[in-house]
Amino acid sequence: MATFRPGTPDQSAFLDALIAHGLLIPSGVPGVYGRGSAFEAVRVGVDRMIDRAAAPDGAESLRFPPLLPRYQLEAIGYLKNFPHLAGTIFGFDGSELEANEQFEIASRHEDWSAFQGMSDLVLLPAACYPVYPAIAARGPLAAGGCTIDAGGAYVFRQEPSGDPARLQMFHQREIVRLGEPETVISWRDTWRDRSIALLQGVGLDAHFDVASDPFFGRQGRMLAASQREQALKFEVLVQIAGDEPTAVASFNYHHDHFTSTYGLELAGGGIAHTACLGFGLERISLALFHAHGLDVAAWPDEVRTELALR
């Protein structure tokens, strides 16, 4: 099991307050919470705010379940770069005798994993992952490429924590740009600046910085350094709880990593490039509660209006 990381005193106090106000509902597992009606209204309001900001892009809307075929996770190298974050799905396929034995062991809350076998599915770790094979199956991109809105799917990261902003299961609103390198880079940088204005417009002190993904191991540290050096990833940071601000949105330029994997070509030949932006809907919601207080009715009128809160 992944190691639990306790929250700071500030993070723990904020989590306790969120639970006391019915905004988050504990499940007994760190980083997995139900949402109260006020929290969910804010999350949906943030999602719709992003809808309005994204409308000029004219993106095609595609939606996928929070599951991914295991072979896709294997194909893109996720288990090399992020084995510590992956969530795999196992299931029972045994005899009646084995089922009874499994039940007895499980009833004592002991390890019953020996009765489980790996399935063809994993939990979705990023909302953009199903987009690349789906678009590749259509054939070469049209001139100018395309933009895909993958929605705000539930995604999973195995990193149990006492920080309320570090959830194991959360909604990630992703938009993906596919096309020529210069087109993709320009789109990413435009959205980076657009996102700052969007979040500042609801009273959040947002700024961006160069960042890196949480790659695994010694080789991962070298990958992270290279990613920062090339400025392939930016994050928008906002104060939530703790001493340091938290990333609430990220903007990644993938070069041809995904398109080479799936053979996704440009209209005139050659491999396309991709970039994605991802908004953490729960993190933005938490930042709003941190900034404006736990009573949504007392929030500034302009924020309530922007998020369509009643």
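Heads up: the structure comes first, above all this text.
First, a word on what this report is: a plain description of the structure on this page. (Residues numbered from 1 in each chain as written. Predicted model: local features only at pLDDT ≥ 70, side-chain atom pairs only at ≥ 80, totals over all residues. Heavy atoms only, no water.)

## As for the overall build of the protein chain
Point 1. Scanning the protein chain for helices and strands turns up 11 helices and 12 strands.
Point 2. Here the C-alpha atoms of the protein chain give a radius of gyration of 21 Å, agreeing with the 19 Å that 2.2 N^0.38 yields for 310 residues.
Point 3. Taking all 310 residues of the protein chain together, 46% fall into the buried category.
Point 4. In the protein chain, the share of contacts with a sequence separation of at least 24, taken over all contacts with a separation of at least 6, comes to 70%.
Point 5. When the 24 basic and 38 acidic side-chain charges of the protein chain are each reduced to a single mean position, those positions are 3 Å apart. (Helix = DSSP H or I, 4+ residues; strand = E, 2+ residues; numbered from the N terminus. Rg over C-alpha atoms; globule rule 2.2 N^0.38 Å. Buried < 20%, exposed > 50% of the residue type's maximum accessible area, 1.4 Å probe, protein only. Contact = heavy atoms within 4.5 Å. Lys, Arg positive; Asp, Glu negative; His and termini not counted. Charge placed at Lys NZ, Arg CZ, Asp CG, Glu CD.)

## Describing the layout of surface pockets
Point 1. Considered as a void within the structure, the second largest pocket measures approximately 420 Å³ in volume.
Point 2. Taken together, 14 residues form the lining of the second largest pocket, with Met1, Gly87, Thr88, Phe90 and Gln158 sitting closest to its centre.
Point 3. Within the residue set of the lining of the second largest pocket, elements represented by two or more residues are β5 (88-92) and β6 (116-123).
Point 4. Along the lines of polarity and charge, the residues of the lining of the second largest pocket split into eight nonpolar, six polar and no charged. (1 Å grid on protein atoms, 1.4 Å probe; cavity = no way out; pocket = protein on both sides within 12 Å on 5 of 7 lines; lining within 4 Å. Points joined across faces, edges and corners; volume = space filled by probe spheres on them. Nonpolar A, V, L, I, M, F, W, Y, C, P; charged D, E, K, R; others polar.)

## As for the sheet that holds strand β7 (residues 146-156)
Point 1. Spatial strand order, β3-β7-β8-β12-β11-β10-β9: seven strands in an open sheet with mixed pairing. At either margin of the open sheet sits one strand with a lone partner, and together these are β3 (60-61) and β9 (207-210).
Point 2. As paired elements, strand β10 (residues 233-238) and strand β11 (residues 246-255) share six bridges and run antiparallel to each other. Looking at the pairing, Val236 lines up with Ala249 of β11. (Pairing = 2+ DSSP bridges.)

## Quick word on helix α2 (residues 37-54)
Point 1. Counted at 1.5 Å a residue, the expected span for α2 with its 18 residues is 26 Å, and the 26 Å between its end C-alpha atoms agrees.
Point 2. Phe39, Val42, Arg43, Gly45, Val46, Asp47, Met49, Ile50, Ala53 and Ala54 are the residues of α2 that are buried. (Expected span 1.5 Å × (residues − 1).)

## Quick notes on the packing of aromatic side chains
Point 1. Taken as a whole and judged by the stated rule, the model has nine aromatic pairs.
Point 2. Between the aromatic rings of Tyr78 and Tyr129, the centroid separation amounts to 6.0 Å while the plane-to-plane angle is 75°, which identifies the pairing as edge-to-face. Here Tyr78, found in helix α4 (residues 78-81), pairs with Tyr129, found in the loop between β6 and α6 (131-136); they are 51 residues apart in sequence, far enough to count as distant.
Point 3. Residue classification places Tyr78 among the buried residues on the basis of a relative accessible area of 4%.
Point 4. Summarising the aromatic geometry, the rings of Tyr129 and Phe258 are spaced 5.7 Å apart at their centres and angled 45° between planes, so their arrangement reads as tilted. (Phe/Tyr/Trp six-rings, centres within 6.5 Å; stacked < 30°, edge-to-face > 60°.)

## Brief notes about unusual backbone geometry
Point 1. Positive phi is not limited to glycine here, since His109 has a value of about 60°.
Point 2. One can find His109 in the loop between α5 (96-107) and β6.
Point 3. Phi angles above zero are rare outside glycine, and His255 is one such case at about 55°.
Point 4. By relative accessible area, which is 30% here, His255 ends up partly exposed.

## A closer look at the pattern of salt bridges
Point 1. Throughout the structure, instances matching the rule amount to 17 salt bridges.
Point 2. For the salt bridge of Arg52 with Glu306, the shortest nitrogen-to-oxygen distance reads 3.2 Å. Pair noted here: Arg52 is in helix α2 and Glu306 is in helix α11 (residues 301-306), with a separation of 254 residues, a long-range link.
Point 3. Take Glu306: its relative accessible area is 31%, and that puts it in the partly exposed class.
Point 4. A salt bridge links Lys233 to Asp213; its shortest N-O distance comes to 2.9 Å. (Salt bridge = Lys/Arg side-chain N within 4 Å of Asp/Glu carboxyl O.)

## Some thoughts on the sheet that holds β5
In any sheet, the strands associate via hydrogen bonds between backbone groups, in a parallel or an antiparallel arrangement.
Point 1. Spatial ordering of the open sheet is given by β4-β6-β5, a layout of three strands whose pairing is antiparallel. Only two strands of the sheet have a single neighbouring strand rather than two, namely β4 (67-69) and β5. The mean angle between the axes of side-by-side strands here comes to 55°, regardless of whether they run parallel or antiparallel.
Point 2. Relative to β6, β5 runs antiparallel, the two sharing four bridges. By the bridge assignment, Phe92 is partnered in β6 with Gln116. (Axes fitted to C-alpha atoms, helices over the stretch in contact; angles between N-to-C directions.)

Interpretation note: all reported values are geometric properties and have no functional meaning in isolation.
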